[in-house]
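For reference, the chains in residue letters:
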2 protein chains.
Amino acid sequence: MSTKRGPLHGKTVLDLTTALAGPYATLLLAGLGARVIKIENPTRGGDSSRNNSPYVTGEGLSLQRTSAQDMSVSMMVRGRNKESITLNLKHPRSREVFLELAREADIVVENYSAGVTERLGIDYAAVRKVNPRLVYTSISGFGAQGGDGKAMDTIIQALSGVMMTAGEPGDPPVRFGLPVGDLVAPLFAVIGTLSAVLHADKTGEGQHVDVSMLGSLTSLVACEPFDALESVGIPLRTGAVVPRLAPFGTFRAVDGWFAICAPTDAFAAGLLRAIGRPDLVDDPEYATRDARVRNAGDLHGRIQEWSARRPLSEVLAALEANAVPAAPVRDTAEAVRDELVLSRKEVVPLVHPEFGFVEGLYGSGLPVTFSRSATDLSRPAPGLGEQTELVLGALLGYDDATIDQLRAEGVL
Amino acid sequence: MSTKRGPLHGKTVLDLTTALAGPYATLLLAGLGARVIKIENPTRGGDSSRNNSPYVTGEGLSLQRTSAQDMSVSMMVRGRNKESITLNLKHPRSREVFLELAREADIVVENYSAGVTERLGIDYAAVRKVNPRLVYTSISGFGAQGGDGKAMDTIIQALSGVMMTAGEPGDPPVRFGLPVGDLVAPLFAVIGTLSAVLHADKTGEGQHVDVSMLGSLTSLVACEPFDALESVGIPLRTGAVVPRLAPFGTFRAVDGWFAICAPTDAFAAGLLRAIGRPDLVDDPEYATRDARVRNAGDLHGRIQEWSARRPLSEVLAALEANAVPAAPVRDTAEAVRDELVLSRKEVVPLVHPEFGFVEGLYGSGLPVTFSRSATDLSRPAPGLGEQTELVLGALLGYDDATIDQLRAEGVL
């Protein structure tokens, strides 16, 4: 029996990613226990995320950098549990170093624009020659055939259909602040990577794993055939409420909003009792699902009228007392401070390597609890190139003189 | 070199899930090549998704069932590539059959309410005794400690903070039609399952994997520390546009909407040329990022004024000619018919076991392209219990008389 380690303990990942989608994929692999070696360009200050305002400084958050120890919030979230080495992939000598690393690694993850890895000589074709069991994962906007279109989150959201799943018919599209276009592709990239590693562990055969941001988000949209449902009268854009499931939707109390999901007879009866109308439970206008759907407007109006004059605490207590599925609508600040979520480490405090925990700053955790293995995303993000000597020395056996030489030549 | 098979070929999954979150997790495992055996209750018509209106009938989609061959759209999407056996888990004799299956399996996935698997004697504690290398994954609303709260998608959305990431300050919460609360947890459940299978393949040690719907979605929300960013003046809810990145957001043309992401100097210059104002490129009001942020309202107003009088095709052509990252906002019907997405099988046509492809009906694909392994989600969903004899016969070695006897006793 081993001490508690991540389930991916023993696997090494070379991380060529920047921005959000790629780094989130390697963050998850790191949280699952893989060793993630982030390869950064020394000539431009490393991953551009290091230069995303705001920064954590000795005095808290700031829009400007105030000292060399300051670190961007983006890097503090996405760089956790990773090691950083510098390698100038445009330098001819770097390719050899990269391929020596690839020989020792199990996984490469990259999210360069189309054609870049080929030009640099570090694409899958190059890597498989030195390490045929390696899994090489590419995350791009539109997939390997998709060309070089700009794949920013808002573009992916627009093309995927998700913007037209909120609001009411005729409303403008609804842009989501949560960058789902950036965040869903890395989940599929991790699923693809782990599947390919399972295959490689069994057969010794690595492969290329190609994940598209548009394809990932659109596949989620296609989990429900919305347009086919609309064709038989089950509309998608119904705004705050869902008449077809009445009583169902979000409503306003004096000091906040709440959601109700009470489509069954029993839940609807509880709802009518909660709003002080037990007399309506057996009323033919509300007693059956069909009747409630027909009278959804009235029913939702009664809820709104009742709740609009009451504080949220009273509303939720009345719903709970009558076993009606309901919840407050929380903002992100409240949601990430949920005690149960924090206790399960699905969200974790962010720690700066010098300044420690920054009051009020939380980041994503690894939302999987294993009975035997550990997960961890508590190790602060590294400084640029912090582990260059460690990795090239201990992993590749380079001596100090060689490392100094490579640094002098601008390779590192 | 093997013929093309899924990377999970050779793994067997017992699928105890119902509704959406659980079945989507096992659908992905099936798409990756695992053998998924869906265990359904014979006494209530199997998985409740079989009774979700609408149905595919010989005459197309219908809100009512018209024949025994009709199949619900929900089952057609979620049941693909699975086998179905019946097993009445409330019958005392069923536990023995289940544990015999568990002895042959690699993975169990369940999403029962809290306490149910214990009561039925099929929880992880029971299963590990007969198969210590098995991975047992539970998907629940709030995790193993979370109690029995009703975890419907809208409740999870409300609690996670996502509803407050769209719209503008003071707006009501924005309910998403895409059930992100239901769809994100299964992605983490598959990540957790595959990680634990990797560990089990290496060590022989299985384990329990516990995934919460609320924790999964909240962890995504925590990928960006929105409330900390707001504290330094980077607001989250900015509606259709993002002034801090201007020109950036969604805008209206005569016949539709489009998105622009043009925060850099070069993109902004292209945008000004596209709207017929090359004279403004060097104007100090628009030439720098800081100036554009200061004048975001004006700049976005100029775009809107230009596009509102033009058809979408002309608007997009002008933006493309000037290399401005832009895209049409598509509805879900258009998005799932994207040629590239269909060619990559990220969305796939749905096929009824009797009636074949149903015009206009598409479902989720497996949005990962492997260079060596295959993925597949083209096999129609099974009828209730369609593989009962096959599984109990070929996998467990039951003879026909035993199967008949079990059926007569109400076990199957």
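Residues numbered from 1 in each chain as written. Chains lettered and ligands numbered in written order. Predicted model: local features only at pLDDT ≥ 70, side-chain atom pairs only at ≥ 80, totals over all residues. Heavy atoms only, no water.

For chain A, the name recorded in an unreviewed UniProt entry is CoA transferase, with Microbacterium lushaniae as its organism.

Undergrad: Please provide a residue-by-residue account of the packing of helix 1 (residues 21–31) of chain A against helix 7 (residues 180–203) of chain A, values included.
TA: Residue and element names in this part refer to chain A. Orientation of helix 1 relative to helix 7, taken along the N-to-C sense of each, is 45 degrees, at an axis distance of 8 Å. By the angle class used here, helix 1 and helix 7 are oblique. Of the two possible hands of crossing, helix 1 and helix 7 adopt the one that is right-handed. Contacts between helix 1 and helix 7 involve Ala-21, Tyr-24, Ala-25, Leu-28 and Leu-29 on the former and, on the latter, Asp-182, Leu-183, Pro-186, Leu-187, Val-190 and Leu-194. Among the residues making up the contact of helix 1 with helix 7, the classes are represented as ten nonpolar, no polar and one charged. (Axes fitted to C-alpha atoms, helices over the stretch in contact; angles between N-to-C directions. Helix = DSSP H or I, 4+ residues; strand = E, 2+ residues; numbered from the N terminus. Parallel < 35°, antiparallel > 145°, perpendicular 65-115°, else oblique. Left-handed = near helix turned anticlockwise from the far one by under 90°. Contact = heavy atoms within 4.5 Å. Nonpolar A, V, L, I, M, F, W, Y, C, P; charged D, E, K, R; others polar.)

Undergrad: With reference to specific residues and values, describe unusual backbone geometry.
TA: A cis amide bond links A:Ala246 with the next residue in sequence, A:Pro247, at an omega value of 0 degrees. Residue placement: A:Pro247 occurs in the loop between helix 9 (226–231) and strand 10 (248–253). Here the phi dihedral of A:Ala323 falls at roughly 60 degrees; this positive angle occurs in a residue that is not glycine. Of note in the backbone geometry, B:Lys345 takes a positive phi value of approximately 60 degrees without being a glycine. Relative to the assigned elements, B:Lys345 resides in the loop between helix 15 (339–343) and strand 13 (347–352).

Undergrad: Describe in detail the domain arrangement of chain A, supporting the description with residues and values.
TA: For chain A, the domain assignment lists domain 1 (12–221 + 339–408) and domain 2 (243–332). The straight-line distance from the C-alpha centre of domain 1 of chain A to that of domain 2 of chain A is 44 Å. (Domains from an automatic or database assignment.)

Undergrad: Tell me what's going on with the sheet that holds strand 12 (residues 326–328) of chain A, and back it up with residues and numbers.
TA: Residue and element names in this part refer to chain A. The three strands are arranged 10-11-12 in an open sheet whose pairing can be described as antiparallel. What marks the edges here is a single partner per strand, and that holds for strand 10 and strand 12. On average, adjacent strands in this sheet sit at an angle of 25 degrees to one another, irrespective of strand direction. Bridge count between strand 10 and strand 11 (residues 256–261): six bridges; the pairing is antiparallel. Bridge pairing in strand 11 links Phe-251 to Phe-258. (Pairing = 2+ DSSP bridges.)

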